[in-house]
Amino acid sequence: MERMLSGIKPTGQVTLGNYIGAIKNFLKYQDEYELFIFIANLHAITVFQDKLELKKNTKDIAALYLACGLDPKKVTLFIQTDILEHANLSFVLNCFTYMGELNRMTQYKDKSQKLGESSINVGLFTYPDLMAADILLYDPKYIPVGDDQKQHVELTRDIASRVNNRLGNVFVIPEPLIPENGARIMSLSDPSKKMSKSDESNDKGCIYLLDDPDVAKKKIMSAVTDSDAKIFFDRENKPGISNLLEIYSSLTDISIKDLEKKYSNSNYGEFKKDLANIVKNFLIDIQSKYKNVLDSKIIEDVLESGAQKARLIASKKLNKIYKKLGLAS
Ligand code: ATP
Ligand code: MG
């Protein structure tokens with residue numbers, strides 16, 4: 001099986017967007033690839049985190065991933081800081097990366113334009129090198145990415161080729177894999193904005209997997225839509241309804257075409273009420289599984305055996321590079 005690697009930042013509570021855009025695809029990938037998933041807690045601290053919340057979010061992600069159906073027998077699940085090689089390799093890669101390349105990263109450009117360069121920390125600037133290290137340590141063939149991360153994977157490929165040219169073949173050049181169901185779930189209160197776990201100002205627009213199911217139901221009922229009463233998919237002119245159709249389709253596996261037919265004579269209220277119940281039942285199910293995972297106390301063991309497996313691979317890789325650089329004998 002070919003190897004695939006992906007990460008998630010413990011920057012907040014896991015959202016329905018994370019489920020639809022990432023976790024749901026992993027359920028399929030775990031049978032098709034040798035899947036490595038890590039919780040990117042170093043990336044999280046590029047923005048200040050409360051330490052207790054960071055710890056809780058880290059553990060919750062692991063528990064929720066298992067609750068959603070990731071099988072620890074198939075998937076290697078670990079925490080980034082359990083493997084010291086990530087930060088070590090990241091520094092080495094800093095020395096193979098040009099300022100101009102990092103300056104060109106759109107995520108950084110957006111943030112520095114918004115906040116001003118002098119108020120952006122260096123960790124955020126060099127974030128793509130840490131991400132490159134996360135990837136290159138494990139020689140994965142595929143990195144599943146949304147649009148927002150594609151540029152960072154391209155940079156990872158450039159850096160990997162540069163290192164390979166200088167040191168001989170040390171890295172596998174990874175390929176970005178755009179998921180078939182690459183839905184980008186938008187905020188319920190502002191469908192022009194992505195649903196993001198770190199966006200605390202946007203609680204109403206965001207469904208968290210650990211939301212009270214009745215609260216989540218209300219969030220769907222009050223989701224922003226347009227004044228035209230017809231239910232059909234049109235991202236540009238009907239972003240609110242299109243987003244709800246995406247969520248509905250993803251949670252039920254009914255195609256958007258079929259949903260448009262089903263609701264061709266319905267009003268928004270009827271459509272939203274059905275979706276609100278679907279979301280509510282989905283959360284009830286996930287939360288009961290989440291509780292079982294916590295009760296069974298398996299998380300520490302899963303993360304520990306994930307770390308053991310990851311560490312073996314990562315330490316060999318770093319050692320190989322250290323030797324080539326004259327940093328180890
Ligand atoms: P943050 O606000 O800290 O960036 P996030 O919710 O964007 O948090 P990430 O940790 O950046 O989450 O990403 C985890 C995974 O979830 C990635 O694979 C990402 O593509 C996916 N993802 C995040 N938000 C969405 C969304 N709204 N729709 C679909 N997929 C998403
Ligand atoms: Mg994100």
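Draft legend 1. Representation of the packing of aromatic side chains in the model. Under the counting rule described, the total for this entry stands at twelve aromatic pairs. Between F26 and Y65, the ring centres sit 6.3 Å apart and the planes meet at 55 degrees, which makes this aromatic pair tilted. Of the two residues, F26 sits in helix α1 (residues 16-32) while Y65 sits in helix α3 (residues 51-67), which places them 39 residues apart along the sequence. One exposure class covers both F26 and Y65, and it is buried. Summarising the aromatic geometry, the rings of Y33 and Y142 are spaced 5.6 Å apart at their centres and angled 75 degrees between planes, so their arrangement reads as edge-to-face. A residue pair is termed long-range when its members are at least 10 positions apart, and Y33 in the loop between α1 and β2 (34-39) and Y142 in strand β4 (residues 142-144) qualify at 109 residues. The class of Y142 is buried, set by a relative accessible area of 15%. Through a chain of ring-to-ring contacts, three or more aromatic side chains come together here, namely F26, Y29, Y33, Y65 and Y142. In this arrangement the basic side chain of K238 is found over the ring face of F232, its NZ or CZ atom lying 4.9 Å from the centre.

Draft legend 2. Representation of the side chain of D60 in the model. By the secondary structure assignment, D60 is in helix α3. Side chain to side chain, D60 and Y290 meet in a polar contact 2.5 Å long. Sequence-distant contacts of D60, defined by excluding residues within four places in its chain, comprise L210 and Y290.

Draft legend 3. Focus on unusual backbone geometry. If you check the backbone angles, D253 has positive phi at about 60 degrees while not being a glycine. Positionally, D253 belongs in the loop between α11 (239-252) and α12 (256-262). On the basis of relative accessibility, which here comes to 62%, the residue D253 falls in the exposed class. In this model, K297 sits at a positive phi of 55 degrees, which is unusual for a non-glycine residue. By relative accessible area, which is 64% here, K297 ends up exposed.

Draft legend 4. Structural detail: the site of ligand 1. Lining the immediate environment of ligand 1, one finds 15 residues, of which T11, I185, K194, K197 and S198 sit closest. Here an oxygen atom of ligand 1 and a side-chain polar atom of T11 are 2.6 Å apart. Here K194 contributes a side-chain N or O atom positioned 2.6 Å from an oxygen atom of ligand 1. Considering every element that reaches the shell around ligand 1, the biggest residue donor is α1, with four residues. A breakdown of the residues in the shell around ligand 1 according to their chemical character gives five nonpolar, six polar and four charged.

Draft legend 5. A look at the domain arrangement of the protein. Taken domain by domain, the protein comprises domain 1 (3-179 + 297-325) and domain 2 (203-291). Across the contact, 13 residues belong to domain 1 and 13 residues belong to domain 2. Interface of domain 1 and domain 2: buried area, both sides summed, is about 1,300 Å²; carbon and sulfur atoms make up 75% of it. Of all residues in domain 1, L16, L64 and A67 bury the most surface against domain 2, accounting for 40% of the area lost on that side. Taken together, the links from domain 1 to domain 2 amount to one salt bridge.

The rules behind each value
In this convention, every chain numbers its residues from 1, walking through the sequence in written order. Working convention: letters from A go to chains and numbers from 1 go to ligands, in the order in which they are written. Local features in this predicted model are restricted to residues whose pLDDT is 70 or higher, and side-chain atom pairs enter the listing and the counts only when it is 80 or higher, whereas totals over whole chains, interfaces and linings include all residues. With hydrogens and water set aside, each side-chain value is computed from the structure's full complement of heavy atoms. Pairing of aromatic side chains requires ring centres within 6.5 Å, counting the rings of Phe and Tyr and the six-membered ring of Trp. Pairs whose planes differ by under 30 degrees are stacked, by over 60 edge-to-face, and all others tilted. Helix and strand assignments come from DSSP, with helices taken as H or I runs of at least 4 residues and strands as E runs of at least 2, each series counted from the N terminus. Note on exposure labels: buried denotes an accessible area under 20% of the residue type's maximum, exposed denotes more than 50%, and partly exposed covers the range between, all computed with a 1.4 Å probe on protein chains only. Criterion for a charge above a ring: Arg CZ or Lys NZ at most 6 Å from the ring centre, at most 35 degrees from the ring normal. Whenever a nitrogen or oxygen atom comes within 3.5 Å of another N or O atom, the pair is scored as a polar contact, on the condition that within protein one atom can donate a hydrogen and the other can accept it, and that pairs from neighbouring residues in sequence are kept only if both atoms are in side chains. Note on definitions: a residue-residue contact is assigned when non-hydrogen atoms from the two residues lie within 4.5 Å. Working definition: residue near molecule or strand if any one of its non-hydrogen atoms lies within 4 Å of it. Each residue gets one label: Ala, Val, Leu, Ile, Met, Phe, Trp, Tyr, Cys and Pro are nonpolar, Asp, Glu, Lys and Arg are charged, and the others, such as Gly, are polar. These domain boundaries are the output of an automatic or database domain assignment. Throughout, buried area stands for the accessible area (probe radius 1.4 Å) lost by two parts on being put together, summed over both. A pair is scored as a salt bridge if a Lys or Arg side-chain nitrogen falls within 4 Å of a carboxyl oxygen belonging to Asp or Glu.

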